[in-house]
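Spelled out from the first residue to the last, the chains are:
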Amino acid sequence: MSTSRRSFLRSAAGLALGGLSWRSRAENLLPRSERRVVVVGGGFGGAIAAKYLRLHDPSVDVVLIDRKTTYIACPFTNRVIAGLRDLAENTVGYDELAARHQITVLPTEVTAVDTAAKQVVTPGGAINYTRLVLSPGIDFRYDEIDGADPARTPEIMPHAWQAGEQTLLLRSQLAAMRSGGTVVMSIPLAPFRCPPGPYERVSLMAWYLKRTNPKSKIIVLDANPDIAAKARLFRAAWQQMYKGMVDYRPAQKVTRVILERRAVDTGAETIRGDVVNLIPPQKAAPLAFQAGVVGDDGKWCPVSQITFESRVPGIHVIGDSCIAGAMPKSAFSANSQGKVVALNMLAVMNGREPDAPAHVNVCYSYVNDREAMSVAGLYRVLGDNTVFVPQAGGLPTSYTELEGIQAASWFNNMLREMSS
Ligand SMILES: Cc1cc2nc3c(=O)[nH]c(=O)nc-3n(C[C@H](O)[C@H](O)[C@H](O)COP(=O)(O)OP(=O)(O)OC[C@H]3O[C@@H](n4cnc5c(N)ncnc54)[C@H](O)[C@@H]3O)c2cc1C
């Protein structure tokens, strides 16, 4: 049983949790008003939605639920894998957010959404909602890879695509790899969480291995026809800094794994790795499936591009789980969607017409310990879709130390904004 689950159950038995007895917690759970929004998922989307709901309308009661007591963020975990950062620096709690905005934060698993009763179900009891925001992140489509399973495969071939133990496992495998060993990384077909993320990981692993294991190499099996983001700049970085070390192979989809041999198969060839970083294809988190908000593609959640309301009335989906047109699945996007869902859900609840939003997204990628590059995009609603606004964003001409500094500053601001 996880620590967060245990502490919730302990609280239910009457013991203290976060300085509050279960009785006062339960009283907190009584709506302060007629209207309560429950937000499930305290990541980049959910924590921001909860905060901005309270900032825009303090008369609305907000309950934020996450299965964990602290949030470990994914951005900058590629630096953890390269030994440049401690995972603790990626970790934030909810105490300040809860106290400053009078948000009731519950560390528990939501096991189901009862759409008829308008309740979320947890091991400690059911909680009523007027409206529900889901920002539960992603899950993996292991069923599309022969020989793979969600329990055993990540222990042998870590994905490190959800931050925490998986990040540390890949880090330790890389550090322990034999001299001259081979890392095999597989990248799924888009869309997936953080389009430039795999290529940043290639760069930072290469930076690390060049210093500690110079005869090693990285074979990148990319299911996509080309590098999915910042292609020109990643190619230049690998050519200039990691020539002979990075072997990038486009249009190579891993269809089978042989766990006991630590090997992957593309149909054309079987490749053995000393370390295998298998990033599987992705889909919305399990709770989205249970709540019935996943679309006909069986993967992601279609939503109104204005209110983020899903196919189930009263349930709004944001972040990586939702389909937001051309917006990438990123922390920056989830943050923007959190703000929009707060404003436009309140507009609907308060009888006002919601406004069509515009969004910005900027994604930074490091190519070595100091230098980074960004890609920026502006997005607007056109009909039923969110589209990229041409010539409103773009790429820099090269990676620079200045962008490395800006990336660190952006990330600190993101963590501060969601936790205070
Ligand atoms: C290696 C890597 C690097 C990245 N770098 C960047 C970057 O530089 N810039 C950028 O913008 N993005 C980056 N991203 C992407 C970013 O991390 C995600 O897009 C972002 O986390 C999505 O936010 P979210 O709120 O949708 O989901 P998450 O952040 O995953 O949050 C979901 C939360 O929901 C909780 N939850 C789920 N189900 C339940 C349940 N049933 N009950 C209770 N709680 C539940 C989980 O515990 C979790 O805390 C990166 C991702 C990776 C993997």
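None of the values given here were measured: they were computed from a predicted structure. (Residues numbered from 1 in each chain as written. Predicted model: local features only at pLDDT ≥ 70, side-chain atom pairs only at ≥ 80, totals over all residues. Heavy atoms only, no water.)

(A) The confidence of the model for the protein chain, seen in detail. For the protein chain, per-residue confidence averages 93 on the pLDDT scale, and residues scoring 70 or more make up 92% of the total. Throughout residues 1-28 the model reports pLDDT below 50, and contacts reaching past four residues in sequence, or to other chains, amount to 33 contacts. (pLDDT = per-residue confidence, 0-100. Contact = heavy atoms within 4.5 Å.)

(B) Quick look at the sheet that holds strand E11 (residues 182-187). In spatial order, the strands read E13-E12-E11-E17; together these four strands make up an open sheet with parallel pairing. At either end of the open sheet lies a strand with only one pairing partner, and these are strand E13 (246-249) and strand E17 (275-278). Ignoring strand direction, the axes of neighbouring strands in this sheet form an average angle of 15°. In this sheet, E13 lies alongside strand E12 (residues 217-222) in parallel orientation, the contact comprising four bridges. Bridge pairing links Ile-219 to Asp-247 in E13. Along the sheet, helix H8 (residues 197-212) makes contact with E11, E12, E13 and E17, crossing E11 at roughly 170°. (Pairing = 2+ DSSP bridges. Helix = DSSP H or I, 4+ residues; strand = E, 2+ residues; numbered from the N terminus. Axes fitted to C-alpha atoms, helices over the stretch in contact; angles between N-to-C directions.)

(C) Expanded view of the sheet that holds strand E7 (residues 119-122). Read from one edge to the other, the open sheet built from three strands follows the order E6-E7-E8, with strand pairing classed as antiparallel. The open sheet has two edge strands, strand E6 (112-114) and strand E8 (125-128), and neither has a second partner. Strand-to-strand twist across the sheet, computed as the mean angle between neighbouring axes with direction ignored, equals 25°. Here four bridges tie E7 to E8, and the two strands are oriented antiparallel to one another.

(D) Representation of the packing of aromatic side chains. Applying the stated criterion across every chain yields a total of eleven aromatic pairs. Measuring from ring centre to ring centre gives 4.7 Å for Phe-76 and Phe-411, while their planes differ by 15°; the resulting arrangement is stacked. Pair noted here: Phe-76 is in the loop between strand E3 (70-72) and helix H4 (77-81) and Phe-411 is in helix H12 (residues 401-419), with a separation of 335 residues, a long-range link. Owing to a relative accessible area of 10%, Phe-76 belongs among the buried residues under this scheme. Residues Tyr-199 and Phe-234 carry aromatic rings whose centres are separated by 5.9 Å and whose planes lie at 45° to one another, so their mutual orientation is tilted. One end of the pair, Tyr-199, is in helix H8; the other, Phe-234, is in helix H9 (residues 231-241), and 35 residues separate them in sequence. Like Tyr-199, the residue Phe-234 is buried in the burial classification. When the ring centre of Tyr-366 is taken as reference, the NZ or CZ atom of Arg-79 above it lies at 4.1 Å. If you follow Arg-171 out to its NZ or CZ, it ends over the ring of Tyr-208, 4.7 Å from the centre. (Phe/Tyr/Trp six-rings, centres within 6.5 Å; stacked < 30°, edge-to-face > 60°. Buried < 20%, exposed > 50% of the residue type's maximum accessible area, 1.4 Å probe, protein only. Lys NZ or Arg CZ within 6 Å of the ring centre and 35° of its normal.)

(E) Highlighting the site of the ligand. Near the ligand lie 31 residues; those nearest to it are Asp-66, Tyr-71, Arg-193, Asp-320 and Ala-331. The backbone of Gly-45 places a nitrogen or oxygen atom 3.0 Å from an oxygen atom of the ligand. Here Ser-135 contributes a side-chain N or O atom positioned 2.9 Å from an oxygen atom of the ligand. Starting from 1000 Å² of accessible surface for the ligand in isolation, the protein chains cover 95%. Contributions of two or more residues to the shell around the ligand are made by H4 and helix H11 (331-349). (Near = heavy atom within 4 Å. Polar contact = N/O pair within 3.5 Å; in protein donor to acceptor, adjacent residues only side chain to side chain. Areas by Shrake-Rupley, 256 points an atom, 1.4 Å probe, with all protein chains shown as cover.)

(F) Spatial organisation of the domain arrangement of the protein chain. Here the domain parsing of the protein chain yields domain 1 (3-139 + 284-355) and domain 2 (142-281). Relative to domain 2, the C-alpha centre of domain 1 lies at a distance of 31 Å. Facing the 20 residues of domain 1 at the interface are 24 residues of domain 2. A buried area of about 1700 Å², summed over both sides, lies between domain 1 and domain 2, and 66% of it is on carbon and sulfur atoms. Across the contact surface, domain 1 and domain 2 share one salt bridge. Here Asp-320 ties to Arg-193 by a salt bridge, and the two come within 2.5 Å at their closest N and O atoms. Sorting the residues of the side of domain 1 that touches domain 2 by element identifies H4 and strand E10 (138-140) as the ones contributing at least two each. With five residues, the single largest contributor to the side of domain 1 that touches domain 2 is H4. Here the residues of the side of domain 1 that touches domain 2 are counted per class, giving eleven nonpolar, four polar and five charged. (Domains from an automatic or database assignment. Buried area = accessible area lost by both parts, 1.4 Å probe. Salt bridge = Lys/Arg side-chain N within 4 Å of Asp/Glu carboxyl O. Nonpolar A, V, L, I, M, F, W, Y, C, P; charged D, E, K, R; others polar.)

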